[in-house]
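Here's the letter readout for the chains.
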Amino acid sequence: MIELTKLNGTVILVNSDIIEIVEETPDTVITLTTGRKIIVKESRQEVKNLVKLYKRDVYAQ
């Protein structure tokens, strides 16, 4: 799971395996495979980097 920040400052954990789309419009909108959309403070690139780091950590074990 990756840690992200909603626009209201709430920190949430998101299962990176169910992220379907990440868009910047200009806010970063994450669409999950469930259809739920989450708007976060992190940029699209930051979300991508967090997912890559998480996957690297999981598969390194």
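Here's a quick rundown of the structure. Keep in mind that what you see is a predicted model, and the values were worked out from it rather than measured.

Observations regarding the pairing of strand E3 (residues 19-24)
The pairing of E3 with strand E4 (residues 28-32) spans five bridges and is classified as antiparallel. In the strand pairing of E4, Ile-19 is matched with Leu-32.

Quick notes on the side chain of Thr-5
The topology assignment puts Thr-5 in strand E1 (residues 2-5). Setting aside its immediate chain neighbours within four residues, Thr-5 contacts Thr-10, Val-11, Ile-39, Val-40, Lys-41 and Glu-42.

Focus: the pattern of salt bridges
Using the criterion set out here, one finds one salt bridge in the structure. Across the salt bridge formed by Asp-17 and Lys-55, the nearest N and O atoms sit 2.3 Å from each other. Here Asp-17 is found in the loop between strand E2 (11-14) and E3, whereas its partner Lys-55 is found in helix H1 (residues 44-59), with 38 residues between them in sequence. Exposure remark for Lys-55: the relative accessible area of 25% places this residue in the partly exposed category.

Points about unusual backbone geometry
Following Thr-25, the chain continues into Pro-26 via a peptide bond in cis, with omega recorded as -10 degrees. If you trace the backbone, Pro-26 turns up in the loop between E3 and E4.

Considerations on the nonpolar core
Nonpolar side chains in soluble globular proteins generally cluster together in the buried interior. One finds Ile-2, Leu-4, Ile-12, Val-14, Ile-19, Ile-30, Leu-32, Ile-38, Val-40, Val-47 and Val-51 forming the largest nonpolar core, which totals 11 residues. In this structure, Ile-38 is in contact with Lys-6, Ile-12, Val-14, Thr-28, Val-29, Ile-30 and Leu-32, ignoring residues within four places of it in sequence.

What about the sheet that holds E3?
The three strands lie next to each other as E3-E4-E5, forming an open sheet whose pairing is antiparallel. If you trace the sheet from one side to the other, it starts and ends with E3 and strand E5 (37-40), each paired once. The average undirected angle you get between the axes of adjacent strands in this sheet is 20 degrees. Packing against the sheet, H1 makes contact with E3, E4 and E5, and its axis sits at approximately 150 degrees to E3.

Thresholds applied
Residues numbered from 1 in each chain as written. Predicted model: local features only at pLDDT ≥ 70, side-chain atom pairs only at ≥ 80, totals over all residues. Heavy atoms only, no water. Pairing = 2+ DSSP bridges. Helix = DSSP H or I, 4+ residues; strand = E, 2+ residues; numbered from the N terminus. Contact = heavy atoms within 4.5 Å. Salt bridge = Lys/Arg side-chain N within 4 Å of Asp/Glu carboxyl O. Buried < 20%, exposed > 50% of the residue type's maximum accessible area, 1.4 Å probe, protein only. Core = buried A, V, L, I, M, F, W, Y, C linked by side-chain atoms within 4.5 Å. Axes fitted to C-alpha atoms, helices over the stretch in contact; angles between N-to-C directions.

By themselves, these figures tell us nothing about what the structure is for.
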